[in-house]
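Below are the chains, spelled out letter by letter.
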Amino acid sequence: INHIVHNGGLYKRPFNEAFEETPMLIAVLTYVGYGVLTLFGYLRDFMRQWKIEKCQNATEREEQKDFVPLYQDFENFYNRNLYMRIRDSWNRPICSVPGAKVDMMERVSHDYNWTFTYTGRVIKDVINMGSYNYLGFARNTGACQEAAAKVLSQYGAGVCSTRQEMGNLDKHEELEKLVARFLGVESAMVYGMGFATNSMNIPALVGKGCLILSDELNHASLVLGARLSGATIRIFKHNNMQSLEKLLKDAIVHGQPRTRRPWKKILILVEGIYSMEGSIVRLPEVIALKKKYKSYLYVDEAHSIGALGPTGRGVVEYFGLNPEDVDVMMGTFTKSFGAAGGYIGGKKELIDYLKTCSHSSAYATSMSPPVVEQIITSVKCIMGEDGTTVGEARVQQLAENTRYFRRRLKEMGFIIYGNEDSPIVPLMLYMPAKIGAFGREMLKRNIGVVVVGFPATPIIESRARFCLSADHTKEMLDTALKETSEVGDLLQLKYSRRRLVPLLDRPFDETTYEETED
């Protein structure tokens with residue numbers, strides 16, 4: 001399904017997203033594949049029970065057999081019999097900076113991926129298409145690293161206290177003022193962990209008697225934060241404004257269950273870029289609904305801050321919107337800034353409240369000083385306050401790499417999900433056997449990619465996920481594209497029935513489709 005939206009003036013730019021429907025034959029074969037794997041899984045469990053095959057998974061001791069099971073047998077069925085077959089595609093150890101190229105430690109398994117041993121060999125110069133290093137700040141040379149090293153020698157590595165006690169450094173205050181300026185908001189607060197920024201702050205904002213409207217594909221940190229809050233949670237279909245508006249209408253008309261009292265607060269939870277789909281939130285429409293129904297908006301910009309917008313200020317700038325229209329602006333420093341931690345930005349009253357009521361600020365140890373300095377230097381670079389245009393050039397380079405890579409993959413005939421401006425590029429694999437095969441074949445060709453399957457995705461929508469970086473040169477991208485095309489032919493992954501027609505004279509941002517026969 002192709003979306004090209006202008007929507008009555010809400011959008012100041014074309015909004016192009018593609019989610020091509022799964023071919024029926026591929027969907028049927030994928031279900032058959034999982035069915036065969038499940039049957040063989042039951043057969044192997046039977047053989048393990050009768051000691052015909054060695055059982056290597058965690059089980060209860062004999063003296064605990066009558067207890068409530070510690071390791072739920074059926075819950076681990078998928079891990080034992082499906083995940084274990086392709087476990088070598090994950091947790092691959094690297095031994096270098098996660099830049100455009102990485103060095104990877106070679107490992108082998110002699111017991112079908114239950115355990116691994118290292119060969120001692122290092123696979124050099126693997127093109128890194130898996131890290132969230134969008135702007136290329138994850139490196140061990142340059143201004144950011146020199147500044148971080150200087151701060152390390154002055155402040156040390158750790159703070160050993162919370163912000164409310166003895167862990168509030170002048171560097172933390174400087175960073176918060178800088179982040180607020182960068183986002184265009186009144187105030188900001190930083191936290192040492194991105195996941196906890198969501199999971200610990202949402203419970204401080206809403207509670208019992210409040211309603212959370214959450215996108216069905218929101219990140220686990222948002223889901224956990226919503227559950228911990230004690231608020232009522234209702235899910236709307238991914239990026240579907242009709243679904244969201246229906247929930248808002250129902251919430252206002254019917255109020256709380258049983259009592260029919262009005263909800264204390266209604267909070268909409270969305271992400272800037274969704275990390276599994278490569279899609280961008282329809283923020284102009286979400287803001288219009290939020291204003292219409294007098295609710296609050298929480299935007300998680302973990303993947304979009306630094307990666308979207310003419311100057312890298314995220315999804316709000318990408319759509320040309322006013323930051324004041326977003327009540328809670330959340331993001332992380334773990335992607336575009338090459339560091340760690342997260343932030344919350346918004347009104348001064350909001351930040352002052354979170355400083356006293358958030359578990360993350362009250363109980364969590366402060367951010368490490370060298371990490372703070374890495375963020376300060378990289379943000380100043382993006383803003384141009386370092387006296388150079390390096391940051392602006394990186395933002396533009398990422399946008400160019402994204403469009404080029406996405407267009408070329410579509411021309412080859414792969415099914416690619418997401419928005420044309422999203423640096424996360426999901427390439428659909430579908431069948432379970434092709435998850436491991438794609439990752440292994442790409443690594444043989446010195447390309448490091450992330451492959452994703454159930455339960456992180458729907459059972460028939462397994463995929464490989466490419467993450468683009470401003471550090472990727474055109475030669476690197478062409479090499480990755482060439483090898484991806486070869487592996488696509490080998491594994492028969494070119495499922496698309498709407499193939500792009502490659503035209504040399506076509507403008508860079510336009511798309512031409514040719515219908516091909518099934």
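What you see is a predicted model, and the numbers here were worked out from it, not measured in a lab. (Residues numbered from 1 in each chain as written. Predicted model: local features only at pLDDT ≥ 70, side-chain atom pairs only at ≥ 80, totals over all residues. Heavy atoms only, no water.)

A. Expanded view of the environment of I252. Considering the arrangement of structural elements, one finds I252 in helix 7 (residues 241-254). Along the chain, I252 and S360 lie 108 residues apart, while their C-alpha atoms are 32 Å from each other. Aside from chain neighbours lying at most four places away, what touches I252 is I266 and Y293. (Helix = DSSP H or I, 4+ residues; strand = E, 2+ residues; numbered from the N terminus. Contact = heavy atoms within 4.5 Å.)

B. Layout of helix 6 (residues 220-229). Among all positions in helix 6, only S221, L222, G225, A226 and S229 are buried. For helix 6, the arc enclosing every buried residue in end-on projection is 135°, short of the 170-degree limit, so these residues lie on one face. On its buried face, helix 6 sits against helix 5 (194-205), strand 6 (211-215), strand 7 (232-236), strand 8 (266-271) and strand 9 (296-300). Where helix 6 ends, the next residue or the one after it, G230, has phi of about 85°, a positive value. (Buried < 20%, exposed > 50% of the residue type's maximum accessible area, 1.4 Å probe, protein only. Arc of directions from axis to C-beta.)

C. Expanded view of the pairing of strand 11 (residues 342-346). Counting buried positions along strand 11 gives five out of five residues, so the element sits mostly inside the fold. Strand direction decides the pairing type here: strand 10 (residues 328-332) and strand 11, joined by four bridges, are antiparallel. Residue pairing for strand 11: M329 is matched across the bridge by G345. (Pairing = 2+ DSSP bridges.)

D. Highlighting the UniProt feature "domain: Aminotransferase class I/classII large" (unreviewed entry) in the protein. Feature annotation in UniProt assigns "domain: Aminotransferase class I/classII large" (unreviewed entry) to the following positions: residues 124-482. With 42% helix and 17% strand, residues 124-482 has its two end C-alpha atoms placed 19 Å apart. (UniProt positions renumbered as here; feature names shortened; annotations may be inferred.)

E. Up close: the domain arrangement of the protein. Each assigned domain of the protein is listed here: domain 1 (18-128 + 389-497) and domain 2 (143-383). Contacts between the two partners involve 20 residues from domain 1 and, on the opposite side, 19 residues from domain 2. Across the domain 1-domain 2 interface, the total number found is one salt bridge. Note that E277 is salt-bridged to R463, the shortest N-O span being 2.9 Å. Looking at the side of domain 1 that touches domain 2, the elements that each hand over two or more residues are helix 13 (390-412), strand 12 (418-419), strand 13 (424-430) and strand 16 (462-467). Ranked by residues supplied to the side of domain 1 that touches domain 2, first place goes to helix 13 with six residues. Of the residues belonging to the side of domain 1 that touches domain 2, the class tally is ten nonpolar, five polar and five charged. (Domains from an automatic or database assignment. Salt bridge = Lys/Arg side-chain N within 4 Å of Asp/Glu carboxyl O. Nonpolar A, V, L, I, M, F, W, Y, C, P; charged D, E, K, R; others polar.)

F. Expanded view of the pairing of strand 6. Here strand 6 lies mainly inside the structure; five of its five residues are buried. Of the two faces of strand 6, the one lined by L211, L213 and D215 and the one lined by I212 and S214 are each fully buried. In this sheet, strand 8 lies alongside strand 6 in parallel orientation, the contact comprising four bridges. Bridge assignment links I212 to a residue of strand 8, and that residue is L267.

G. Broad picture of helix 12 (residues 369-383). Relative to the 21 Å expected for 15 residues at 1.5 Å per residue, helix 12 spans 21 Å between its end C-alpha atoms, a close match to the ideal helical length. The buried fraction of helix 12 is high, at twelve of 15 residues. Tucked inside the fold, the buried residues of helix 12 contact helix 3 (143-155), helix 4 (170-183) and helix 13. (Expected span 1.5 Å × (residues − 1).)

H. Structural view of the pattern of salt bridges. Applying the stated criterion across every chain yields a total of 36 salt bridges. Across the pair D250 and K246 runs a salt bridge whose closest N-O atoms are separated by 3.1 Å. On the criterion of helical spacing, the pair formed by D250 and K246 is a turn pair, its members being four residues apart in helix 7. Among the residues examined, K246 registers a relative accessible area of 52% and is labelled exposed. Close ionic contact of K290 with D327 constitutes a salt bridge, the shortest N to O distance being 3.4 Å. One end of the pair, K290, is in helix 8 (residues 283-292); the other, D327, is in the loop between helix 9 (315-318) and strand 10, and 37 residues separate them in sequence. On the basis of relative accessibility, which here comes to 9%, the residue K290 falls in the buried class.

I. Representation of the side chain of H472 within the structure. Within the fold, H472 resides in the loop between strand 16 and helix 15 (474-491). Residue classification places H472 among the buried residues on the basis of a relative accessible area of 2%. In contact with H472, other than residues within four places in its own chain, are A100, N128, M129, N401, C467 and L477.

J. Representation of the packing of helix 4 against helix 12 in the model. Where helix 4 meets helix 12, the axes come as close as 10 Å, and the angle between the chain directions of the two elements is 30°. The angle between helix 4 and helix 12 places the two elements in the roughly parallel class. With respect to the hand of their crossing, helix 4 and helix 12 are arranged in left-handed fashion. Taking contact as the criterion, the partners of K171, H172, E174, L175, L178, R181 and F182 in helix 4 are, on helix 12, V372, E373, I375, I376, V379, K380, I382 and M383. Broken down by class, the residue content of the contact of helix 4 with helix 12 amounts to nine nonpolar, one polar and five charged. (Axes fitted to C-alpha atoms, helices over the stretch in contact; angles between N-to-C directions. Parallel < 35°, antiparallel > 145°, perpendicular 65-115°, else oblique. Left-handed = near helix turned anticlockwise from the far one by under 90°.)

K. Fine view of a positive patch on the surface. Together, K208, R258, K264 and K265 make up a positively charged patch on the protein surface. The residue K265 is located in the loop between helix 7 and strand 8 in this model. A relative accessible area of 34% places K265 in the partly exposed class. (Patch = residues over 30% accessible without salt bridge, like charges linked within 9 Å, V, L, I, M, F, W, Y side chains within 5 Å. Areas by Shrake-Rupley, 256 points an atom, 1.4 Å probe, with all protein chains shown as cover. Lys, Arg positive; Asp, Glu negative; His and termini not counted. Charge placed at Lys NZ, Arg CZ, Asp CG, Glu CD.)

L. Inspection of the sheet that holds strand 11 at higher detail. Taking strand neighbours across the sheet as the criterion, the seven strands line up as 5-11-10-9-8-6-7 in an open arrangement whose pairing is mixed. The open sheet is flanked by strand 5 (187-191) and strand 7, the only strands paired with a single partner. Ignoring which end each strand starts from, the neighbouring axes of this sheet average 20° apart. In this sheet, strand 9 lies alongside strand 8 in parallel orientation, the contact comprising five bridges.

M. Structural context of the environment of D45. Examined against the element boundaries, D45 turns out to sit in helix 1 (residues 24-49). Residue class for D45 comes out buried when judged on its relative accessible area of 18%. Counting along the chain gives 229 residues from D45 to Y274, while the straight-line C-alpha distance between them is 37 Å. Look past the residues within four positions of D45 in its chain and what remains in contact with it is F77, R80 and N81. For D45, the side chain forms a polar contact with the side chain of R80, separated by 2.7 Å. (Polar contact = N/O pair within 3.5 Å; in protein donor to acceptor, adjacent residues only side chain to side chain.)

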